[in-house]
Amino acid sequence: MFSCQGVVALDPAFDRSPPAQSGILLPVAEGIRRIIANNPGPFTFTGTCTYVVGTGEVSVIDPGPEDGAHIEALLLALRNERIARILVTHTHRDHSPGARLLAERTGAAILGCAPHRASRTALDSEAPRLDASADLDHAPDRVLAEGDRVEGDDHAFTVIETPGHTANHLAFALEGTGMMFSGDHVMGWSTSIVAPPDGAMSAYLASLDKLLAREDDRAYWPGHGGPVADPRRFTRALLSHRRQREMQILDVLGRGPARIPQLVAANYQGLDPRLVGAAGLSTFAHLEDLAVRGLVMADGPVTLDALYSRT
């Protein structure tokens, strides 16, 4: 659901071709079709990408928000095929609620991420924001974990745990193709926000390292936007960007104590005003990680409102 537009510049690893119109199921690669939900915005780009894998007996990945029109369009496009299973990458409201609508109409089982959970205990002030973004009603028929396989008639997935954006985030590798459905963990149009307590920066960085160790991936199909065609190079760039953001935070704090709004103003110049809150949450995630590593300290508990300084 959350991302921070424009932080990582698009490069040739990202397909810049115009996105497909929402509501139309179109082929995007051999054995893969995509239909885009009509929920564009600063956090969702052109809308949530719902993928259909296989033919005849198909798997649907991330049916999207609670949008009856999106589900109807998907069912109409697949009226001569059978939806055998529904896979969900994570429990943000723009990805998972549609799974229940689709399951009710088809009887297909919901597989994938576990019910929503925070990466750490939420503070009282954080609970309303967490509830607003999370799909707390998600109850899959089968929770998948690292290395699990899901088989269809003409395709199979291997599950990769990629926590960070959310604690329960999964990616699905389409076996034998080099294709991976990366959810909101890696997207070509922007960096993913890591917003405590929903997400955790240390877990996010570790998940990027995990993907870098995969040598056979040749494209990621993300939850928003077009494919990432050179995923290892792009993932290295994301890691470099996050480390650079750490250094920017430390540089500002090296000049004196600061609060998160000051850090955002210094490090996100020219940012779309609609994304200032998201940038603050991502900065907070970095500060949490830096505090655990002993590089920064707060004037009290590590919170959004604390005054931070270098140790």
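Above this note sits the structure.
These notes cover the structure that comes with them. Here the structure is a predicted model, which means the values were calculated and not measured.

1. Focus on the overall build of the protein chain
Okay, step 1: Along its length, the protein chain carries seven helices and 16 strands.
Okay, step 2: For the protein chain, the C-alpha radius of gyration of 19 Å lies close to 19 Å, the compact-globule estimate for 311 residues.
Okay, step 3: The principal-axis extents of the C-alpha atoms in the protein chain amount to approximately 65 × 40 × 35 Å.
Okay, step 4: Evaluated residue by residue, the protein chain yields a buried proportion of 56% over its 311 residues.
Okay, step 5: At a minimum sequence separation of 6, the contacts of the protein chain that also span at least 24 residues come to 66%.
Okay, step 6: When the accessible surface of the protein chain is split by element, carbon and sulfur atoms take 52% of a total near 12600 Å².
Okay, step 7: Within the protein chain, the 38 negative side-chain charges are centred at a point lying 4 Å from the centre of the 28 positive side-chain charges.

2. A word on unusual backbone geometry
Okay, step 1: Of the consecutive residues Pro196 and Pro197, the connecting peptide bond is found in the cis state with omega at 0°.
Okay, step 2: In this structure, Pro197 sits in the loop between β13 (190-192) and α4 (201-212).
Okay, step 3: A positive phi angle, close to 60°, is found at Phe45, a residue other than glycine.
Okay, step 4: The class of Phe45 is partly exposed, set by a relative accessible area of 28%.
Okay, step 5: Here the phi dihedral of Asp62 falls at roughly 55°; this positive angle occurs in a residue that is not glycine.
Okay, step 6: When you line up the elements, Asp62 lands in the loop between β5 (57-61) and α1 (68-77).
Okay, step 7: By relative accessible area, which is 2% here, Asp62 ends up buried.

3. Side note on the packing of aromatic side chains
Okay, step 1: Under the definition given, this model contains five aromatic pairs.
Okay, step 2: For the ring pair Phe45 and Trp189, a centre distance of 4.6 Å and an interplane angle of 5° mean the geometry is stacked. Highlighted residues: Phe45 in the loop between β3 (32-36) and β4 (49-53) and Trp189 in the loop between β12 (179-183) and β13, separated in sequence by 144 residues.
Okay, step 3: For Trp189, a relative accessible area of 4% gives the class buried.
Okay, step 4: Plain terms: the ring middles of Tyr51 and Phe181 are 5.1 Å apart, the flat faces sit at 55° to each other, and that makes the pair tilted. One end of the pair, Tyr51, is in strand β4; the other, Phe181, is in strand β12, and 130 residues separate them in sequence.
Okay, step 5: Among the residues examined, Phe181 registers a relative accessible area of 1% and is labelled buried.
Okay, step 6: Each member of the aromatic cluster is reached from another via a ring pair, and the members are Tyr51, Phe157, Phe172, Phe181 and Trp221.
Okay, step 7: The positively charged end of Arg245 is found above the aromatic ring belonging to Tyr268, 4.0 Å away from the centroid.

4. Things to note about the environment of Phe181
Okay, step 1: Residues Phe181 and Glu215, spaced 34 residues apart in sequence, show a C-alpha to C-alpha distance of 16 Å.
Okay, step 2: Apart from the residues lying within four places of it in its own chain, the contact partners of Phe181 are Ile32, Tyr51, Val53, Ile61, Phe157, Ala171, Phe172, Leu174 and Trp221.

5. With respect to the packing of α4 against helix α7 (residues 276-292)
Okay, step 1: At their nearest, the axes of α4 and α7 sit 8 Å apart, and the two run at 90° to each other. In terms of axis orientation, α4 runs roughly perpendicular to α7. When α4 is examined against α7, the residues Met201, Ser202 and Leu205 are found in contact with a partner set consisting of Ser282, Ala285, His286 and Asp289.
Okay, step 2: A breakdown of the residues in the contact of α4 with α7 according to their chemical character gives three nonpolar, three polar and one charged.

6. Regarding the pairing of strand β6 (residues 82-88)
Side chains on a regular strand alternate between the two faces of the sheet.
Okay, step 1: Along β6, six of the seven residues are buried, which leaves the element largely enclosed by surrounding structure.
Okay, step 2: As paired elements, β5 and β6 share five bridges and run parallel to each other. Residue Ser59 lies in a different strand from β6, and its bridge partner there is Arg85.
Okay, step 3: Read as a crossover between parallel neighbours, the route from β5 over α1 to β6 is right-handed.

7. A word on the sheet that holds strand β10 (residues 156-161)
Okay, step 1: The five strands lie next to each other as β9-β10-β11-β12-β14, forming an open sheet whose pairing is mixed. Both outer strands of the open sheet, β9 (149-151) and β14 (219-222), are each paired with one neighbouring strand and no more. In this sheet, adjacent strand axes meet at a mean angle of 25° when their direction is disregarded.
Okay, step 2: Pairing analysis gives four bridges linking β12 to β14, with the strands arranged parallel. Counted as the bridge partner of Met179 is Ala219 from β14.
Okay, step 3: Against the sheet, α4 engages β10, β12 and β14, with an angle of about 140° to β10.

8. Here we look at the nonpolar core
Okay, step 1: Judged by nonpolar contacts, the single largest core of 38 residues is most densely connected at Ile83, Ile86, Phe157, Phe172 and Phe181.
Okay, step 2: Setting aside residues no more than four positions away along its own chain, Phe157 makes contact with Val53, Ser59, Ile61, Leu87, Asp148, Arg149, Val150, Phe172, Ala173, Leu174, Glu175 and Phe181.
Okay, step 3: If you look at the next biggest cluster of nonpolar residues, it comprises 19 residues, including Ile249, Val252, Phe284 and Ala306.

Reading guide: rules and limits
Residues numbered from 1 in each chain as written. Predicted model: local features only at pLDDT ≥ 70, side-chain atom pairs only at ≥ 80, totals over all residues. Heavy atoms only, no water. Helix = DSSP H or I, 4+ residues; strand = E, 2+ residues; numbered from the N terminus. Rg over C-alpha atoms; globule rule 2.2 N^0.38 Å. Buried < 20%, exposed > 50% of the residue type's maximum accessible area, 1.4 Å probe, protein only. Contact = heavy atoms within 4.5 Å. Areas by Shrake-Rupley, 256 points an atom, 1.4 Å probe, with all protein chains shown as cover. Lys, Arg positive; Asp, Glu negative; His and termini not counted. Charge placed at Lys NZ, Arg CZ, Asp CG, Glu CD. Phe/Tyr/Trp six-rings, centres within 6.5 Å; stacked < 30°, edge-to-face > 60°. Lys NZ or Arg CZ within 6 Å of the ring centre and 35° of its normal. Axes fitted to C-alpha atoms, helices over the stretch in contact; angles between N-to-C directions. Parallel < 35°, antiparallel > 145°, perpendicular 65-115°, else oblique. Nonpolar A, V, L, I, M, F, W, Y, C, P; charged D, E, K, R; others polar. Pairing = 2+ DSSP bridges. Right-handed = clockwise from strand over helix to strand, strands pointing away. Core = buried A, V, L, I, M, F, W, Y, C linked by side-chain atoms within 4.5 Å.

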